[in-house]
Amino acid sequence: QDVPSVLIAYYSGSGNTQTMAEAVASGVEQVEHVNYTIKRVDEVSPEEVLNASAIILGSPVYNANMAPEVQEFINSWPFAGRPLKDKIGAVFVTGGGFSIGEESVMFGMIRAMLVHGMLILGGAETEAAFGASAITGEGEFAGKAVNPLFVKKAEGLGKRVAEWVVTLKKER
Ligand SMILES: Cc1cc2nc3c(=O)[nH]c(=O)nc-3n(C[C@H](O)[C@H](O)[C@H](O)COP(=O)(O)O)c2cc1C
């Protein structure tokens, strides 16, 4: 009882963002005294949103925007009374190519989290400063499983968020 929980919520059409979500989860698993739930956005209940101490949200890049399913999920978050205020928020994305939307999508999700008063964290590494991102369709990254370079960023993000969830829980 009273163990804080991280909600990892994502949409994935062809599996890449799901791979990153699972890596985020394995990062969270490295931290003690914190639970997590990993679910597709359409499977997340309103209670799971409200009860989470942190939400780590993942989307593929679709025409330089987040997937509509992810936007719909964000639009379902309760706003009256700002119940999401002071929860930790973090993001991860997968995009086909370099610089064709992944950073825009990260900031789109981060902006929405800030509207709700959430505390935003980036990943553990400088290369994951805004969250974890993976390129899945260009050059050497095309046609393969998500590269370990990107998987590691997702793990680092999950671990960092979990560590801060535990730290903030002690402080409050
Ligand atoms: C409809 C559609 C639009 C896309 N638009 C972009 C885009 O604008 N920029 C980009 O980098 N990748 C784009 N992609 C590629 C996906 O973002 C990429 O394949 C991603 O890894 C898919 O994630 P998923 O396997 O979790 O569905 C698009 C893919 C689809 C299906």
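For the structure, see preceding data.
Here is a short report on the structure shown in this document. As the structure is a prediction and not an experimental result, all values here were calculated from the model. (Residues numbered from 1 in each chain as written. Predicted model: local features only at pLDDT ≥ 70, side-chain atom pairs only at ≥ 80, totals over all residues. Heavy atoms only, no water.)

## Here we look at the site of the ligand
Reasoning step 1: Close to the ligand lie 17 residues; Ser 12, Ser 14, Thr 17, Val 61 and Thr 94 are nearest.
Reasoning step 2: Between the ligand and Gly 15, the relevant distance is 3.1 Å, taken from an oxygen atom to a main-chain nitrogen or oxygen of the residue.
Reasoning step 3: Within the contact set of the ligand, an oxygen atom lies 2.6 Å away from a side-chain nitrogen or oxygen of Thr 17.
Reasoning step 4: Notes on the ligand: free accessible area 640 Å², of which the protein chains cover 72%.
Reasoning step 5: Residue assignment for the shell around the ligand shows that the elements contributing at least two residues are helix 1 (16-29), strand 3 (54-62) and strand 5 (88-95).
Reasoning step 6: A total of three residues in the shell around the ligand trace back to one element, the largest contributor, which is strand 3. (Near = heavy atom within 4 Å. Polar contact = N/O pair within 3.5 Å; in protein donor to acceptor, adjacent residues only side chain to side chain. Areas by Shrake-Rupley, 256 points an atom, 1.4 Å probe, with all protein chains shown as cover. Helix = DSSP H or I, 4+ residues; strand = E, 2+ residues; numbered from the N terminus.)

## A closer look at the pairing of strand 3
Reasoning step 1: Summarising burial for strand 3: eight of the nine residues are buried, a large majority.
Reasoning step 2: Two elements, strand 1 (residues 5-10) and strand 3, share five bridges in a ladder whose sense is parallel. Counterpart to Leu 7 in the pairing with strand 3 is Ile 55.
Reasoning step 3: Inspection of the sheet shows strand 3 paired to strand 5 by seven bridges, in the parallel sense. Its bridge partner lying in strand 5, Ser 59 is registered against Val 93.
Reasoning step 4: Bridge count between strand 3 and strand 4 (residues 65-66): two bridges; the pairing is antiparallel. Note that in strand 4 the partner of Val 61 across the bridge is Met 66. (Buried < 20%, exposed > 50% of the residue type's maximum accessible area, 1.4 Å probe, protein only. Pairing = 2+ DSSP bridges.)

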